[in-house]
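Understanding the architecture of this molecule
So the chains spell out like this:
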Amino acid sequence: MKIQLPIDASGLTFIDVIPPEPVLDPQTNQQKADASGEPLYSIELVCIGAEGDEIVSVTFPGIPPAGIRQGMPVKVTGLMVTDWAIGDRDGLAFRAVKVEPLSAADAETGRQAQQWCGADLNR
């Protein structure tokens, strides 16, 4: 049974590790689309929270905004997690409604959160 759960990302900071790339169907090598026909992209992000950090791959629909690059803080909207299983393999998949560069105000909030949780981005 698939369960889709929302994630409260308000206390998290996200930084781009690998810029957005099209999600390809392994059988056809064509770009996948969501139910409404929007192309799907995947981005690798460092997710920083009070308990530490983790690299996650997040899928999102639509053309990625221009300017997202490695090391850039980004805003993740509508983050959800879904469990999956194929044969004897299973895991979690992360999906967002939108991923975009942080505004100046959002970036300041992110810096404050990093200081609060003791995150060191220079490691």
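These numbers were taken from a predicted model, which means no experiment stands behind them. (Residues numbered from 1 in each chain as written. Predicted model: local features only at pLDDT ≥ 70, side-chain atom pairs only at ≥ 80, totals over all residues. Heavy atoms only, no water.)

**Let's talk about the pattern of salt bridges**
- Under the counting rule described, the total for this entry stands at two salt bridges.
- Taking the shortest distance from any N to any O, the salt bridge between Asp 34 and Arg 95 comes out at 3.8 Å. Separated by 61 residues along the polypeptide, Asp 34 in the loop between β2 (13-22) and β3 (40-49) and Arg 95 in strand β7 (residues 89-95) bring together distant segments of the chain.
- In this structure, Lys 98 and Glu 100 form a salt bridge, with 3.9 Å as the shortest nitrogen-oxygen distance. (Salt bridge = Lys/Arg side-chain N within 4 Å of Asp/Glu carboxyl O. Helix = DSSP H or I, 4+ residues; strand = E, 2+ residues; numbered from the N terminus.)

**Things to note about the sheet that holds strand β5 (residues 73-77)**
- The strand order β1-β6-β7-β4-β3-β2-β5-β8 describes an open sheet built from eight strands, whose pairing is mixed. Of all the strands in the sheet, the pair left with one neighbour each is β1 (4-6) and β8 (98-101). The average undirected angle you get between the axes of adjacent strands in this sheet is 40°. (Pairing = 2+ DSSP bridges. Axes fitted to C-alpha atoms, helices over the stretch in contact; angles between N-to-C directions.)

**A closer look at the nonpolar core**
- Core analysis: the biggest nonpolar cluster contains 16 residues, and Phe 14, Leu 45, Val 74, Val 76 and Val 99 have the highest contact counts within it.
- Sorting the residues of this core by element identifies β3, β4 (52-61) and β5 as the ones contributing at least two each.
- The residues touching Val 74, leaving out its near neighbours within four places in the chain, are Phe 14, Asp 16, Leu 45, Ile 68, Val 99, Glu 100, Pro 101 and Leu 102. (Core = buried A, V, L, I, M, F, W, Y, C linked by side-chain atoms within 4.5 Å. Buried < 20%, exposed > 50% of the residue type's maximum accessible area, 1.4 Å probe, protein only. Contact = heavy atoms within 4.5 Å.)

**Focus: the environment of Pro 61**
- Tracing the chain through its elements places Pro 61 in strand β4.
- Judged by its relative accessible area of 21%, Pro 61 is partly exposed.
- Spatially, the C-alpha atoms of Pro 61 and Ser 42 are 8.8 Å apart, while their sequence positions differ by 19 residues.

**Quick look at the pairing of β3**
- Burial analysis of β3 places nine of its 10 residues in the buried class, the great majority of the element.
- When β2 meets β3, the two strands line up antiparallel, connected through seven bridges. Looking across to β3, one finds that Phe 14 is bridged to Cys 47.
- Here β3 pairs with β4 via 10 bridges, running antiparallel. Pairing of Tyr 41 across the sheet is with Phe 60, part of β4.
- Hairpin connection between β3 and β4: a loop of two residues separates the two successive antiparallel strands.

**A word on the side chain of Ser 42**
- For Ser 42, the position within the fold is in strand β3.
- Within polar-contact distance, the side chain of Ser 42 engages the side chain of Ser 57 at 2.9 Å.
- The contacts of Ser 42, once residues within four sequence positions are left out, are Pro 19, Pro 20, Glu 21, Val 23, Ser 57, Val 58 and Thr 59. (Polar contact = N/O pair within 3.5 Å; in protein donor to acceptor, adjacent residues only side chain to side chain.)

Geometry only, nothing functional implied.
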